[in-house]
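Structural overview
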Amino acid sequence: KKKIAVMTSGGDSPGMNGVVRAVVRMAIHMNCDVFAVYEGYEGLVRGGDQIKKMDWHDVRGWLSEGGTLIGTARCMAFYERPGRLTAAKNMVLNGIDALIICGGDGSLTGADKFRAEWPSLLEELVANGELAKDQITPYKHLNIVGIVGSIDNDLSGTDATVGCYSALSRICEMVDYIEATASSHSRAFVIEVMGRHCGWLALLAGVATGADFVFIPERPQEHDWREDMSVVVNRHRQMGKRKTIVIVAEGARDKDGNKISPEEIRDLLSDKTEGGLGLDTRITTLGHVQRGGTAVAYDRVLATLQGVEAVRAVLEATPETETCFIAMNENKIVRKPLMKAVQETKEVAHAVDSKDFEKAMSLRDTEFAD
Ligand code: ATP
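How each quantity is defined
- Residues numbered from 1 in each chain as written.
- Predicted model: local features only at pLDDT ≥ 70, side-chain atom pairs only at ≥ 80, totals over all residues.
- Heavy atoms only, no water.
- pLDDT = per-residue confidence, 0-100.
- Helix = DSSP H or I, 4+ residues; strand = E, 2+ residues; numbered from the N terminus.
- Expected span 1.5 Å × (residues − 1).
- Buried < 20%, exposed > 50% of the residue type's maximum accessible area, 1.4 Å probe, protein only.
- Near = heavy atom within 4 Å.
- Polar contact = N/O pair within 3.5 Å; in protein donor to acceptor, adjacent residues only side chain to side chain.
- Areas by Shrake-Rupley, 256 points an atom, 1.4 Å probe, with all protein chains shown as cover.
- 1 Å grid on protein atoms, 1.4 Å probe; cavity = no way out; pocket = protein on both sides within 12 Å on 5 of 7 lines; lining within 4 Å.
- Sits in = over half its atoms within 2 Å of the grid points.
- Nonpolar A, V, L, I, M, F, W, Y, C, P; charged D, E, K, R; others polar.
- Pairing = 2+ DSSP bridges.
- Contact = heavy atoms within 4.5 Å.
- Points joined across faces, edges and corners; volume = space filled by probe spheres on them.
- Axes fitted to C-alpha atoms, helices over the stretch in contact; angles between N-to-C directions.
- Salt bridge = Lys/Arg side-chain N within 4 Å of Asp/Glu carboxyl O.
- Lys, Arg positive; Asp, Glu negative; His and termini not counted.

Mean pLDDT over the protein: 92, with 93% of residues reaching 70 or higher. As a predicted assembly, this complex carries a pTM of 0.93 together with an ipTM value of 0.97.

End to end, helix α10 (residues 297-316) covers 29 Å across 20 residues, agreeing with the expected 28 Å (1.5 Å per residue, within 8%). Those residues of α10 that sit buried are D299, L302, A303, Q306, G307, E309, A310, V311, A313 and V314.

Next up on the list: the site of the ligand. Taken together, 15 residues are adjacent to the ligand, and G11, R74, C75, G106 and S107 come closest. Between the ligand and G11, the relevant distance is 2.9 Å, taken from an oxygen atom to a main-chain nitrogen or oxygen of the residue. In this structure, G104 approaches the ligand through a main-chain N or O atom, which is 3.0 Å from an oxygen atom. Look at the ligand: alone it shows 620 Å² of surface, and the protein chains cover 84% of it. The cavity where the ligand resides is the largest pocket. Its residues placed into classes, the shell around the ligand shows 4 nonpolar, 8 polar and 3 charged.

A separate point is the pairing of strand β4 (residues 98-103). Within a regular beta strand, the side chains point alternately toward one face of the sheet and then the other, so they alternate between its two faces. Summarising burial for β4: 6 of the 6 residues are buried, a large majority. Every second residue of β4 is oriented toward a common face, with A98, I100 and C102 on one face and L99, I101 and G103 on the other, all of them buried. In this sheet, β4 lies alongside strand β1 (residues 3-8) in parallel orientation, the contact comprising 5 bridges. Each bridged residue has a counterpart across the sheet, and for A5 the counterpart in β4 is L99. Relative to strand β5 (residues 143-148), β4 runs parallel, the two being bridged by 6 bridges. The residue bridging I100 from the neighbouring strand is V145, located in β5.

Structurally, S107 is set in helix α4 (residues 105-127). The exposure class assigned to S107 is buried, which follows from its relative accessible area of 8%. When the C-alpha atoms of S107 and T161 are compared, they prove to be 14 Å apart, with 54 residues separating the residues in sequence. Residue contacts for S107: discarding those within four places in its chain leaves S9, G10, Y41 and I101. Within polar-contact distance, the side chain of S107 engages the side chain of S9 at 2.8 Å.

A few words on the layout of surface pockets. Quantified by volume, the largest pocket comes out at close to 1000 Å³. Contributing to the lining of the largest pocket are 43 residues, with G11, R74, G104, D105 and G106 lying nearest its centre. Secondary structure elements with two or more residues in the lining of the largest pocket: α4, β6 (188-193) and α11 (338-348). Top element by residues in the lining of the largest pocket is α4. It accounts for 6 residues. In terms of residue class, the lining of the largest pocket is built from 12 nonpolar, 19 polar and 12 charged.

Strands sit in the order β3-β2-β1-β4-β5-β10-β11 across an open sheet of 7 strands; the sheet is mixed. The sheet is open, and its two borders are formed by β3 (51-53) and β11 (332-337), each paired with just one other strand. On average, adjacent strands in this sheet sit at an angle of 25 degrees to one another, irrespective of strand direction. In the sheet, strand β2 (residues 33-37) pairs with β3 via 3 bridges, with the strands oriented antiparallel. For V37, the partnering residue across the bridge sits in β3 and is I51. Of the strands in this sheet, β1, β2, β4 and β5 are in contact with helix α1 (residues 16-29), which crosses β1 at around 175 degrees. The strands touched by α10 within the sheet are β1, β4, β5, β10 (324-329) and β11, with β10 carrying the most contacts at an inclination of about 140 degrees.

With phi around 65 degrees, N31 is a residue other than glycine that occupies positive phi space. Along the chain, N31 falls in the loop between α1 and β2. Here N31 falls in the exposed class, since its relative accessible area comes to 52%. For N331, which is not glycine, the phi torsion reads 70 degrees and is therefore positive.

It is worth spelling out the pattern of salt bridges at this point. Pairing between side chains becomes possible if they bear opposite charge and their charged atoms approach one another. Counted under the stated rule, the structure contains 21 salt bridges. With a shortest N-O distance of 2.9 Å, D280 and R187 are connected by a salt bridge. Here the residue D280 occupies a position in the loop between α9 (262-269) and β9 (281-285), and R187 occupies one in the loop between α6 (164-185) and β6, the gap between them amounting to 93 residues. Residues joined by salt bridges that share partners form a network here, namely R81, R84, E117 and E124.

Attention shifts here to the side chain of R25. The topology assignment puts R25 in helix α1. Among buried Asp, Glu, Lys and Arg side chains, R25 stands out as unpaired, with D55 the closest opposite charge at 8.4 Å. Apart from the residues lying within four places of it in its own chain, the contact partners of R25 are W56, V59 and R60.

What follows is the structure in structure tokens.
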């Protein structure tokens, strides 16, 4: 019987439980044994009760649960070879040679490194007497399949990551709440959303709520942002708007690459000197509500379809197969080379499609503001 393990790693995102549920049930359906590794790579390094055989019933009700019920962690030990050596030993002791990982680009990079090192890790375990030669014979190759779990939608090569639409929906809901009070008092709000390197959430939230202005980490503003924003906000106010909503990603930058803080934006909006906007302005940092709560329907579907496909990919893989991750491209679930996507993500520095980006940017500060 094939033995497959599934884990969640890196930052949690809504829908991760749906991935685990789908992998567990599809694996059982395909007559495999399936294990959950608790606490990401930490569980793999610790071994013991952190690697638990899963039954069909163990994942009942998981589709509608937020966060990740098998836990996630950042694991320093896994960055180093000795940590990965222990992880390999724990896998062999459980008879596991296939791993499905749901996490961000860091987790997936770690997985690929683990796969590449696998034969030499096993050799070392035999050489130092931790495993007997006949123990490792059936485990010559490690099979890795990735599923991208991230609220940021920050991986190149897939249209959506598990969790991003849940976070986006949550942001929109929160902005709607804020708008009601902003309008009542004719106030301005600077709303900080997550996204240290990728502005997908901020940009899409801006379009979805008709915000007045958006700041993101990619493509720093071409001009002086202070002038740009003042002109736009002024124009909208003159058109009769009673509220001003500015969305700023955590990692927003200006044209020189300097961070744009919510406080700077607030100070500009509330500037009461001659020619200033003089708006009563508040800052709201949405924080972890963006990660919490249950997954929206789209993320549940994505998690389920990708989990099913990941098990198929594991079962069809040969030693020659390139390590893949499961992507969504134009509404189809597809397998794509993992490291190429990770590389592209690093090179392009943002995962927003350039055409969509231009369109969204042209909407961000125009008559479309609500
Ligand atoms: P997020 O998008 O939420 O940041 P992530 O998966 O990118 O998710 P990281 O903290 O980068 O989050 O990685 C999670 C874990 O994966 C790390 O704590 C570490 O154990 C492992 N990992 C990441 N990068 C590597 C690497 N280059 N080599 C080995 N292990 C790694």
